[in-house]
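Remarks on the overall topology
Next come the chains, spelled out residue by residue.
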Amino acid sequence: MKLFGRNHIIISIITFAILFLMNYLGNDQPDKLERALMTAFAGIIGLTIGLFILNKGKNDNSPPQNFD
């Protein structure tokens, strides 16, 4: 999957919605909106970093030797 491509943006939106709703609806703290937004944005950042690492070694022509 290409980083910041159409599929990445769609998956990011779905991830944001799921994380936001899980934290907003399941929280009874007075600052539940802020916590839900921070958790959802952290999930998007983690997804982007993971895809960056995955995409970094995708077109490598010299993979490590004896990799199991």
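Residues numbered from 1 in each chain as written. Predicted model: local features only at pLDDT ≥ 70, side-chain atom pairs only at ≥ 80, totals over all residues. Heavy atoms only, no water.

Regarding the pattern of salt bridges
It is possible for side chains of opposite charge to pair when their charged atoms get near one another. In total, this model carries one salt bridge according to the counting rule given. Ionic pairing is found between Arg35 and Asp31, a salt bridge with its closest N-O pair at 3.1 Å. Residue Asp31 is classed as partly exposed on the basis of its relative accessible area of 30%. (Salt bridge = Lys/Arg side-chain N within 4 Å of Asp/Glu carboxyl O. Buried < 20%, exposed > 50% of the residue type's maximum accessible area, 1.4 Å probe, protein only.)

Here's the deal with the environment of Leu54
By secondary structure assignment, the location of Leu54 is in helix H2 (residues 32-56). C-alpha of Leu54 to C-alpha of Leu3: the two residues are 51 residues apart in sequence and 9.6 Å apart in space. (Helix = DSSP H or I, 4+ residues; strand = E, 2+ residues; numbered from the N terminus.)

Quick look at the side chain of Asn27
Among the secondary structure elements, Asn27 is positioned in the loop between helix H1 (6-25) and H2. Polar side-chain contacts of Asn27 include one of 3.0 Å to the backbone nitrogen of Gln29. In contact with Asn27, not counting residues within four places along its chain, are Lys32 and Arg35. (Polar contact = N/O pair within 3.5 Å; in protein donor to acceptor, adjacent residues only side chain to side chain. Contact = heavy atoms within 4.5 Å.)

What about the environment of Ile44?
Relative to the helices and strands, Ile44 resides in helix H2. Taking relative accessible area as the criterion, Ile44 reaches 17% and is therefore assigned buried. In the structure, Ile44 is positioned 32 residues away from Ser12 in sequence and 5.9 Å away in space, judged by C-alpha atoms. If near-sequence neighbours (up to four positions away) are discounted, Ile44 is found in contact with Ser12, Thr15 and Phe16.

Some words on H1
For the α-helix, the turn length of 3.6 residues means that residues three or four positions removed from each other point alike. The end-to-end C-alpha separation of H1 is 29 Å, in line with the 28 Å expected for 20 residues at 1.5 Å each. Burial in H1 covers these residues: His8, Ser12 and Phe20. Buried residues of H1 fall within an arc of 90° about the axis and therefore sit on the same side. For H1, exposure combined with an orientation more than 90 degrees from the buried face picks out Arg6, Ile13, Met22 and Leu25. Buried residues belonging to H1 abut H2. (Expected span 1.5 Å × (residues − 1). Arc of directions from axis to C-beta.)

Here's the deal with H2
With 25 residues, H2 extends 36 Å between its outermost C-alpha atoms, agreeing within 8% with the 36 Å of an ideal straight helix rising 1.5 Å per residue. Residues of H2 that are buried: Ala36, Ala40, Ile44, Thr48 and Leu51. Residues of H2 that are buried sit in contact with H1.

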